[in-house]
Protein chains: 2
Amino acid sequence: MSHGGGADNGVSPGNVPVCYYGAAGRVPAALERRVRAAELFMRCAACGLAVLAAALLGADRQTRTIFAVEKTARFTDMQSLVFLVIANGMAACYSLLQGARCLVSILTGGVLINRPMAWAIFSCDQVMAYFTISAVAVAMEAAMIGKYGSQQFQWMKTCHLYKRFCAQAGGAVACAVAASLSMVGISLVSAFNLFRLYGSGKGRK
Amino acid sequence: MSHGGGADNGVSPGNVPVCYYGAAGRVPAALERRVRAAELFMRCAACGLAVLAAALLGADRQTRTIFAVEKTARFTDMQSLVFLVIANGMAACYSLLQGARCLVSILTGGVLINRPMAWAIFSCDQVMAYFTISAVAVAMEAAMIGKYGSQQFQWMKTCHLYKRFCAQAGGAVACAVAASLSMVGISLVSAFNLFRLYGSGKGRK
């Protein structure tokens, strides 16, 4: 099969867009540029938002004196918040590394994509997306119980005692939601980058 | 641009697999068959498991007398379990419909895939996958609190009071986990079905 450029395409040269990929998975240059820019933007956004969420949660504490007993609420008191901090820390590191890779590939204009590489990136992105979404869902559930309690199971409301703590945790969860939506977008882009390699080449419409 | 079958591919006829798709996104027939079979299998599995999870939770109740007060634990007592039942009901209906579509397309051998259709299926699959994963994560968090409580926030353990209820709910959550993993697999297949349409062939714009 031929791997050549536009010239041997059997299309008049004027209609042939410049393509980054020599072989499979070629898309028009304009689409390619937009996809890469979107990927870089989302990776940076995910990194920043995840760092912000983890920092907000990590710094979140409130001490109150209740019936002469001093109690401090920290994020470590709730497993789901610890899980959220860990998930966001991982997402931030991962997004930073991938963003760097993305930037390098844009600057050098290099062809990074081969199938094993694309599979690796795609798998990691998928896992991170589901992981961050799960962490956010779990934290939101815990936040709901904290805010409204569960009478049947005698779980008391906590947020009216630790108002400032809960407000800051709410902000952190909002950042984490935004970060995980970015991760979902990224996993969509990497799915595109992977599976277009499977679109058949010659004889296509 | 050539629209023909294997013969005008410039590949020797012996190596050219029969393809289902006349136009974009052609893959070898063996891969195509395997992908379709896997999709059908996963949709059926997701449907069955989601129904099972919802039924187990819906039928789950236990009555106990605690300090002369009769109390019944039901799945409706916990928002997260209600959410899980709703999510699994939706996943079951959705998988049933999509499974039927999948079966029809296998039996008729029809070419169902065009880009808008593939985008619609892909989007729905993605949403359902993230939705079911979130529901499972939330239910698992609630199950953890039910089993271990949270001393800091004075949320008491519940499962040592309602052992049978918790065991059945655990089984339901396990089914829901399996169902949501199937949904993830399905979303992978539909990503493949969508984005291979973008893989460029020769002379594509």
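Residues numbered from 1 in each chain as written. Chains lettered and ligands numbered in written order. Predicted model: local features only at pLDDT ≥ 70, side-chain atom pairs only at ≥ 80, totals over all residues. Heavy atoms only, no water.

A. Up close: the pattern of salt bridges. Residues and elements named next belong to chain A. Within this structure, the stated rule accounts for 6 salt bridges over all chains. The closest approach of N and O atoms between E39 and R101, which form a salt bridge, is 3.1 Å. Residue E39 is found in helix α1 (residues 29–58), and its partner R101 is found in helix α2 (residues 79–108); the two are separated by 62 residues along the sequence. An identical accessibility class is assigned to E39 and R101; each is buried. Via salt bridges that share partners, E39, R43, R101 and D125 belong to a single interconnected network. (Salt bridge = Lys/Arg side-chain N within 4 Å of Asp/Glu carboxyl O. Helix = DSSP H or I, 4+ residues; strand = E, 2+ residues; numbered from the N terminus. Buried < 20%, exposed > 50% of the residue type's maximum accessible area, 1.4 Å probe, protein only.)

B. Representation of the packing of helix α2 (residues 79–108) of chain B against helix α3 (residues 115–148) of chain B in the model. All names here are of chain B. Where α2 contacts α3, the axes come no closer than 9 Å and their chain directions differ by 155°. In terms of axis orientation, α2 runs roughly antiparallel to α3. Relative to α3, α2 is oriented so that their crossing is left-handed. Contacts between α2 and α3 involve S80, L81, F83, L84, A87, M90, A91, Y94, Q98 and R101 from the former and M117, I121, C124, D125, M128, F131, T132, A135, V136, V138, A139 and A142 from the latter. (Axes fitted to C-alpha atoms, helices over the stretch in contact; angles between N-to-C directions. Parallel < 35°, antiparallel > 145°, perpendicular 65-115°, else oblique. Left-handed = near helix turned anticlockwise from the far one by under 90°. Contact = heavy atoms within 4.5 Å.)

C. Expanded view of the UniProt feature "transmembrane region" (unreviewed entry) in chain A. Residues and elements named next belong to chain A. Feature annotation in UniProt places "transmembrane region" (unreviewed entry) on residues 40–59, 80–97, 129–149 and 169–195, given in this structure's numbering. What you have in residues 80–97 is 100% helix and 0% strand, and the ends, taken at the C-alpha atoms, are 26 Å apart. The straight-line gap between the two end C-alpha atoms of residues 169–195 is 38 Å; of that span, 100% is helix and 0% is strand. (UniProt positions renumbered as here; feature names shortened; annotations may be inferred.)

D. Up close: the layout of surface pockets. Residue and element names in this part refer to chain B. The calculated volume of the second largest pocket comes to roughly 380 Å³. The leading source of residues in the lining of the second largest pocket is α3, at 8 residues. Partitioning the lining of the second largest pocket into residue classes produces 14 nonpolar, 4 polar and 3 charged. (1 Å grid on protein atoms, 1.4 Å probe; cavity = no way out; pocket = protein on both sides within 12 Å on 5 of 7 lines; lining within 4 Å. Points joined across faces, edges and corners; volume = space filled by probe spheres on them. Nonpolar A, V, L, I, M, F, W, Y, C, P; charged D, E, K, R; others polar.)

E. Structural context of the pairing of strand β2 (residues 69–74) of chain A. All names here are of chain A. Taken together, the 6 bridges between strand β1 (residues 61–66) and β2 define a ladder with antiparallel strand orientation. Residue pairing across strands places Q62 opposite A73, the latter belonging to β2. Counting the residues between successive antiparallel strands, the hairpin from β1 to β2 contains 2 residues, one of them, F67, with a positive phi of roughly 50°. (Pairing = 2+ DSSP bridges.)

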